[in-house]
Amino acid sequence: MSGAPLPSRVPVLLYHAVTDDPPDWIAEFTVTPRDFAAQLDAIVAGGRTAVTVGTLVAHLTAGAPLPPRPVVLTFDDGFADLAGPTAEALASRALPATAYLTTGAITPGRPCLLPPAPMMTLAQAPRLEEYGMEVGAHTVTHPQLDTLAPHALRRELREPKAVLEDALGHEVRHLAYPHGYNSPAVRRAAVAAGYASAAAVRHALSSRRDEVFRLARLIVRRTHTVTDVEQWMEGRGARTAPYPDSLPTIGWRMYRRARARLRGPEFAG
């Protein structure tokens, strides 16, 4: 890679399932295989070079080199397509990516707040690396992390790291907050759990000033078109992180915390 400075705007895309027949609860955040292929082709045609979250974070924290036009592709949860056709579509275009896995959802018999859906298995996690993907953690049960008591928060961050490290045989350094929900306390807990970064959502472009424990991502919905992706590749069509939380975001967090005290942990989605 060249030592060129990080561009002022870096698209970090967030995908979930890639399928023609998603469950209703995840359909809004699902793209079809045909649309996914077209989006990947647009990324390649636009001259972007895909790098992992780890590569981006190494640049942000230590000045490690990046290509002149980087893009980061991320996948949350661990849906069944990820370890098969989705990984194959990425590998066939030489596009590395980062997959954040919800260990409770991919381990049969474990409790999880994610509604039912076809999922990959924990045993398939090493296969992702064979396809050139980096593996990160996405909690155990997919809760709203910013509503949890400290002991529950620690478990949701530390257990999936340990589980994935056992499955992969090496350290797992990167985390994604379910639905992007985080707070200063959650970010401090992620640092204490031993992660090197944590991805939020924010639906914004990342930048050379982005926060390593609140990395901005652009969430890809089924309604997004190739034109949307092309705009993001040009650094347009979304605001640029970092920026402070808005008052509505802070108010929504306070409301969810109050609700969680009455109902207990809830699905982040």
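Only a predicted model underlies this, so the values are computations on that prediction, with no experimental measurement involved.

**Q** Looking at this structure, how should I read the pairing of strand 4 (residues 97–101)?
**A** Where burial is concerned, most of strand 4 is hidden: five out of the five residues are buried. Burial along strand 4 is two-sided: the residues A97, A99 and L101 and T98 and Y100 are all buried. Sheet topology note: the strand 3 (residues 70–77)/strand 4 ladder contains four bridges and is parallel. Across the sheet, residue D77 finds its bridge partner in strand 4, namely L101. Taken together, strand 3, helix 3 (residues 82–92) and strand 4 constitute a β-α-β crossover, and its handedness is right-handed. Both strand 4 and strand 5 (residues 133–137) contribute to a ladder of five bridges, which runs parallel. In the sheet register, A99 faces strand 5, and the bridge partner there is V135.

**Q** Would you explain helix 1 (residues 33–45) in this entry?
**A** Helical geometry: 3.6 residues make up each α-helical turn, so side chains three or four residues apart lie on a common side. With 13 residues, helix 1 ought to run about 18 Å at 1.5 Å a step, and its terminal C-alpha atoms sit 18 Å apart, in line with that. Of all the positions in helix 1, only F36, Q39, L40, A42 and I43 are classed as buried. When helix 1 is viewed along its axis, its buried side chains cluster within an angular range of 155° and face the same direction. With respect to the buried face of helix 1, the exposed residues turned more than 90 degrees away are R34 and A45. At the exit of helix 1 stands G47, carrying a positive phi of roughly 80°.

**Q** Explanation requested: the pattern of salt bridges in the structure shown.
**A** It is possible for side chains bearing opposite charge to pair when their charged atoms get close. Inspection of every chain in the model, using the stated rule, returns 19 salt bridges. Salt-bridge contacts for R217 lead to D76; the nearest nitrogen and oxygen are separated by 2.9 Å. Taken as a pair, R217 in strand 8 (residues 215–219) and D76 in strand 3 lie far apart in primary sequence, 141 residues in all. For the pair R217 and D76, one class covers both residues: buried. Residues R259 and E266 are paired through a salt bridge, measuring 2.8 Å at the closest nitrogen-oxygen approach. Note on R259: relative accessible area 17%, which makes it buried. A single network of salt bridges, built from pairs that share partners, joins D146, R202, E211, R214, D245, R253 and R256.

**Q** Whenever I open this one, a nonpolar patch on the surface confuses me. Can you help?
**A** Taken together, the side chains of L247, I250 and M254 present a nonpolar region at the surface, about 330 Å² in accessible area. Mapped onto the secondary structure, L247 falls in helix 9 (residues 247–263).

**Q** Help me understand helix 9, please; the structure alone is not making it clear to me.
**A** With 17 residues, helix 9 ought to run about 24 Å at 1.5 Å a step, and its terminal C-alpha atoms sit 24 Å apart, in line with that. Of the residues making up helix 9, those classed as buried are R253, R256, R259 and A260. With its buried residues spanning 130° around the axis, helix 9 presents them on a single face. Relative to its buried face, helix 9 has exposed residues pointing more than 90 degrees away, namely L247, M254, R261 and L262.

**Q** I'm lost on the packing of aromatic side chains in this one. Help?
**A** Describing an aromatic ring pair means giving the distance of the ring centres and the angle of the ring planes. Scanning all chains against the criterion turns up five aromatic pairs. Considering the side-chain rings of Y15 and F36, the 5.1 Å spacing of their centres and the 85° angle between planes classify their relative orientation as edge-to-face. Here F36 lies in helix 1 and Y15 lies in strand 1 (residues 12–15), a separation of 21 residues in the sequence. As far as burial versus exposure is concerned, Y15 and F36 are alike and both buried. When the ring of W25 is compared with that of F267, the centres are 5.7 Å apart and the planes differ by 85°; the resulting orientation is edge-to-face. Highlighted residues: W25 in the loop between strand 1 and helix 1 and F267 in the segment after helix 9, separated in sequence by 242 residues.

**Q** Honestly, unusual backbone geometry in this entry has me stumped. Any pointers?
**A** Among all residues except glycine, the phi angle is most often negative; among peptide bonds, the trans geometry is most common. P242 follows A241 through a cis peptide bond whose omega is 10°. With respect to the secondary-structure elements, P242 resides in the loop between helix 8 (226–233) and helix 9. The phi angle at T139 is positive, at roughly 75°, despite the residue not being glycine. Structurally, T139 is set in the loop between strand 5 and helix 6 (150–168). A positive phi angle, close to 45°, is found at H203, a residue other than glycine. Owing to a relative accessible area of 26%, H203 belongs among the partly exposed residues under this scheme.

Rules used in this analysis
Residues numbered from 1 in each chain as written. Predicted model: local features only at pLDDT ≥ 70, side-chain atom pairs only at ≥ 80, totals over all residues. Heavy atoms only, no water. Buried < 20%, exposed > 50% of the residue type's maximum accessible area, 1.4 Å probe, protein only. Helix = DSSP H or I, 4+ residues; strand = E, 2+ residues; numbered from the N terminus. Pairing = 2+ DSSP bridges. Right-handed = clockwise from strand over helix to strand, strands pointing away. Expected span 1.5 Å × (residues − 1). Arc of directions from axis to C-beta. Salt bridge = Lys/Arg side-chain N within 4 Å of Asp/Glu carboxyl O. Patch = residues over 30% accessible without salt bridge, like charges linked within 9 Å, V, L, I, M, F, W, Y side chains within 5 Å. Areas by Shrake-Rupley, 256 points an atom, 1.4 Å probe, with all protein chains shown as cover. Phe/Tyr/Trp six-rings, centres within 6.5 Å; stacked < 30°, edge-to-face > 60°.

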